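Here is what each chain is made of, one letter per residue.
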Amino acid sequence: MTDYDPQMLVARAREASKNAYAPYSKFAVGAAVLLTDGSVVTGANFENASYGLTLCAETVALGTVSSMGRLRDVVAIGVIGGRMGHADTAPVSPCGRCRQVINEAAQLGGRDLPVHCGGATGDALTTYRLSELLPAAFGPKDLGLA
Ligand code: THU
């Protein structure tokens with residue numbers, strides 16, 4: 001399964017962002033992870049009163065993928081974000097920690113994953129390869145696991 005519409009993936013991320021639990025930052029993020037069989041797993045950011053414990057949308061989605069035993073089957077990722085109550089259109093790209101988490105799936109699956117980034121609204125879409133976002137990555141390969 002390599003044929004897909006990046007805007008579809010971003011639309012799924014946008015839908016997921018509606019369930020963001022972000023009362024502190026009021027910044028809603030959604031992530032959508034496309035698997036080899038065409039299925040999509042989504043996540044939204046999950047904040048915590050102890051701010052530093054916040055889980056990002058990408059991490060929530062990939063945690064679900066891992067618990068499904070499907071980390072090796074990730075084909076592409078869509079991410080969107082924006083301030084709640086605003087019509088932000090600027091594409092949001094994954095934070096540093098999320099890039100490292102995405103790298104786990106990328107190396108296990110042997111794919112330089114495309115990461116499609118959009119805004120909370122609008123059609124703007126910026127696509128990166130994970131190797132652009134996290135060059136010279138450390139990962140499971142270094143531990144002989146991929
Ligand atoms: N956030 C994500 O969910 N993913 C990212 O890649 C960037 C940041 C969340 C964390 C926090 O809930 C809010 O966005 C503001 O930083």
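Fair warning: this is a prediction, and the values are worked out from it, not measured in the lab.

Procedures and definitions
- Residues numbered from 1 in each chain as written.
- Predicted model: local features only at pLDDT ≥ 70, side-chain atom pairs only at ≥ 80, totals over all residues.
- Heavy atoms only, no water.
- Buried < 20%, exposed > 50% of the residue type's maximum accessible area, 1.4 Å probe, protein only.
- Helix = DSSP H or I, 4+ residues; strand = E, 2+ residues; numbered from the N terminus.
- Contact = heavy atoms within 4.5 Å.
- Pairing = 2+ DSSP bridges.
- Axes fitted to C-alpha atoms, helices over the stretch in contact; angles between N-to-C directions.
- Salt bridge = Lys/Arg side-chain N within 4 Å of Asp/Glu carboxyl O.
- Near = heavy atom within 4 Å.
- Polar contact = N/O pair within 3.5 Å; in protein donor to acceptor, adjacent residues only side chain to side chain.
- Areas by Shrake-Rupley, 256 points an atom, 1.4 Å probe, with all protein chains shown as cover.
- Disulfide = S-S within 2.5 Å.
- Patch = residues over 30% accessible without salt bridge, like charges linked within 9 Å, V, L, I, M, F, W, Y side chains within 5 Å.
- Phe/Tyr/Trp six-rings, centres within 6.5 Å; stacked < 30°, edge-to-face > 60°.
- Expected span 1.5 Å × (residues − 1).

Think of an α-helix as turning once every 3.6 residues; residues three or four places apart then point the same way. For helix H2 (residues 57-67), every residue scored as buried is listed here: Ala-57, Glu-58, Thr-59, Ala-61, Leu-62 and Val-65. Of the surrounding elements, those touching the buried residues of H2 are strand S1 (27-35), strand S2 (40-44), strand S3 (74-83) and helix H3 (96-109). Positive phi appears at Gly-69, one or two residues downstream of H2, with a value of about 75°.

Strand order in this open sheet of five strands is S2-S1-S3-S4-S5, and the pairing throughout is mixed. The sheet is open, and its two edges are formed by S2 and strand S5 (125-129), each paired on a single side. Each strand axis lies, on average, 20° off the axis of its neighbour in the sheet, ignoring direction.

Here we take up the pattern of salt bridges. Where side chains of opposite charge bring their charged atoms close, a pairing between them can arise. For the structure shown, the criterion picks out four salt bridges. Note that Arg-70 and Asp-73 form a salt bridge whose closest N and O atoms lie 2.6 Å from each other. Residue classification places Asp-73 among the partly exposed positions, given a relative accessible area of 22%. Salt bridges here are not isolated pairs; linked through shared partners, they connect Asp-37, Arg-70 and Asp-73.

Moving on: the site of the ligand. As a matter of local geometry, the ligand sits amid Ser-25, Phe-27, Val-29, Asn-45, Glu-47, Thr-54, Cys-56, Ala-57, Glu-58, Pro-94 and Cys-95. Within the contact set of the ligand, an oxygen atom lies 2.9 Å away from a backbone nitrogen or oxygen of Cys-95. Relative to its free-state accessible area of 370 Å², the ligand is covered by the protein chains to the extent of 79%. When residues of the shell around the ligand are traced back to their parent elements, those giving at least two are S1 and H2.

Turning our attention to the state of the cysteines. The tally for this structure, following the rule as stated, stands at zero disulfides. Lacking any disulfide linkage, Cys-98 is separated from the closest cysteine sulfur, that of Cys-95, by 3.7 Å. Considering cysteine sulfurs only, Cys-98 is the nearest to Cys-117, which forms no disulfide, with 11 Å between them. Classification of Cys-117 as buried rests on a relative accessible area of 1%.

The next thing to look at is a nonpolar patch on the surface. Judged by side-chain polarity, Tyr-21, Tyr-24, Phe-46, Tyr-51 and Leu-55 come together as a nonpolar surface patch covering roughly 530 Å² of accessible area. Positionally, Tyr-24 belongs in the loop between helix H1 (6-16) and S1.

For the rest of this paragraph, the subject is the packing of aromatic side chains. Across all of its chains, the model carries two aromatic pairs by this definition. Relative to Tyr-51, the ring of Tyr-24 has its centre 5.3 Å away and its plane inclined at 40°; by these criteria the two rings are tilted. Of this pair, Tyr-24 sits in the loop between H1 and S1 while Tyr-51 sits in the loop between S2 and H2, and the two are 27 residues apart along the sequence.

Here we take up H3. Between its first and last C-alpha atoms H3 spans 20 Å; for 14 residues at 1.5 Å apiece the expected length is 20 Å, and the two agree. When H3 is considered as a whole, its buried residues turn out to be Cys-98, Arg-99, Ile-102, Asn-103, Ala-105, Ala-106, Gln-107 and Leu-108. Check the buried side of H3 and you find it contacts H2, S3 and helix H4 (130-133). Gly-110 occupies a position one or two residues after H3 and carries a positive phi of about 70°.

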